[in-house]
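Chain by chain, the residues run as shown.
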Amino acid sequence: MNTLFDLTGKTALVTGSSRGLGYAFAEGLAQAGAKVILNGLNEEMLNAAVDRLQKQGYQAQGVKFDVTDEAAVITAFDQLSAQGNEIDILMNNAGIQFRQSMVELKLEDWQRVLDINLTGAFLVGREAAKRMIRCAKGGKIINIGSLTSQAARATVAPYTAAKGGIKMLTKSMAAEWAEFNIQTNAIGPGYIVTDMNNALVENKEFDAWVKSSNPSRRWGLPGELAGTAVYLSSSASDYVNGQIIYVDGGWLAVL
Ligand code: NAP
Ligand code: GCO
């Protein structure tokens, strides 16, 4: 049983892992034995994140690219491959939030959220799958959804549309790539304390709503999602495909 969750010898790319959930995912996969490739846009934050993991003795390196930039995604995978880093595990985690009522929402803001949160997962997932298929070693792809993959909240329409798309893109990836021994699943985090939600945590009414709306009566912490990431990255989930696992304190389970 203890080898079932062992990621020794695996190389994992986690997009958007300079901070927040992505960093927690990368740390968890590293603790399970994987070599982790971190990613982000802010080079200083990315290097600091890599440094923190290396100081803990983990195999970690950074690759800066914008998940919406098709050419940059391809170049990043080519560079990683040239270094001998074929990706066994991909976590499509990079994402942004934009909160505004739809009637006031500008098309450019709608598009930016969809580009990063949904199209970015397609672009990076496609590149990873192409190479996993070519290497014929199989692989694991984990997309990061949200409670909004299942239920909507007012003022976050582009984010909700993108995360609903992530759930269905996950099923599409499973439909097309399972035969190549690639398992594609998603994680749907509840309300977690990260930079994305700082304003919400500090808002007394919103904080009270989060605590009253989920039976665990609290926000989640990034490290509480790492175990699910390790499970979906490991042999323990070799017959799991197209699923979304909500790590939400029970939020979606109750009325
Ligand atoms: P966060 O703290 O704001 O971190 C976002 C990360 O994404 C950063 O590392 C950022 O890089 C990176 N990023 C943003 N745009 C990018 C791009 N175009 N290309 C590459 N990297 C990019 O967010 P978070 O809370 O950790 O969220 C991470 C993921 O979990 C997102 O997909 C989010 O939708 C999802 N999620 C979060 C929660 C929650 O409660 N926090 C719940 C459900 C789902 P830089 O640091 O360089 O800007
Ligand atoms: C918001 C939050 C949510 C959470 C998460 C919940 O504005 O409601 O940012 O979107 O981050 O996605 O699962």
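Use the structure listed above.
Residues numbered from 1 in each chain as written. Chains lettered and ligands numbered in written order. Predicted model: local features only at pLDDT ≥ 70, side-chain atom pairs only at ≥ 80, totals over all residues. Heavy atoms only, no water.

K.L.:
Would you mind showing me how to read the pattern of salt bridges here?
P.N.:
Side chains bearing opposite charge may pair, as long as their charged atoms lie close to each other. Counted under the stated rule, the structure contains 12 salt bridges. Of the charged contacts in the structure, one is a salt bridge between D109 and R112, with a shortest N-O distance of 3.6 Å. In this pair, D109 and R112 both sit in helix α4 (residues 107–135), three residues apart, roughly one turn of the helix. Residues K130 and E127 are paired through a salt bridge, measuring 3.9 Å at the closest nitrogen-oxygen approach. Here K130 pairs with E127, and both are found in helix α4, just three residues apart, close to one helical turn. (Salt bridge = Lys/Arg side-chain N within 4 Å of Asp/Glu carboxyl O. Helix = DSSP H or I, 4+ residues; strand = E, 2+ residues; numbered from the N terminus.)

K.L.:
Which parts of the structure should I look at to understand the site of ligand 2?
P.N.:
R99, S146, R153, Y159 and Y191 are the nearest of the 13 residues found near ligand 2. P189 is positioned with one of its backbone polar atoms (N or O) 2.8 Å from an oxygen atom of ligand 2. In this structure, an oxygen atom belonging to ligand 2 sits 2.8 Å away from a side-chain N or O atom of N197. In the complex, the protein chains occlude 97% of the 330 Å² of accessible area that ligand 2 would expose alone. Of the residues that constitute the shell around ligand 2, the class distribution is seven nonpolar, four polar and two charged. (Near = heavy atom within 4 Å. Polar contact = N/O pair within 3.5 Å; in protein donor to acceptor, adjacent residues only side chain to side chain. Areas by Shrake-Rupley, 256 points an atom, 1.4 Å probe, with all protein chains shown as cover. Nonpolar A, V, L, I, M, F, W, Y, C, P; charged D, E, K, R; others polar.)

K.L.:
Help me understand the site of ligand 1, please; the structure alone is not making it clear to me.
P.N.:
Near ligand 1 you find 31 residues, and of these R19, N42, N93, Y159 and T194 are the closest. At a separation of 2.8 Å, an oxygen atom of ligand 1 approaches a polar side-chain atom of S18. One nitrogen or oxygen atom from the side chain of K163 is found 2.9 Å from an oxygen atom belonging to ligand 1. A total of 890 Å² of accessible area belongs to ligand 1 in isolation, and the protein chains cover 94% of it. Put simply, the parts of the chain that give the shell around ligand 1 at least two residues each are α1 (20–31), β2 (35–40) and α5 (157–177). Grouping the constituent residues of the shell around ligand 1 by class yields 13 nonpolar, 14 polar and four charged.

K.L.:
Quick question: what am I supposed to make of the sheet that holds β2 here?
P.N.:
Pairing between the strands of a sheet is mediated by backbone hydrogen bonds and can be parallel or antiparallel. Strand order in the open sheet formed by seven strands is β3-β2-β1-β4-β5-β6-β7, and the pairing between neighbours is parallel. At either margin of the open sheet sits one strand with a lone partner, and together these are β3 (60–64) and β7 (244–247). Averaged over all neighbouring strand pairs, the angle between strand axes comes to 20 degrees, with direction disregarded. Bridging between strand β4 (residues 89–92) and strand β5 (residues 139–144) involves four bridges; their strand directions are parallel. Each residue of the ladder has a partner; that of I89, found in β5, is K140. The sheet strands contacting helix α2 (residues 43–55) are β2 and β3, and the helix crosses β3 at an angle near 170 degrees. Each of β1 (11–14), β4, β5 and β6 (182–189) is contacted by α4, which is oriented at about 175 degrees to β4, the strand it contacts most. (Pairing = 2+ DSSP bridges. Axes fitted to C-alpha atoms, helices over the stretch in contact; angles between N-to-C directions. Contact = heavy atoms within 4.5 Å.)

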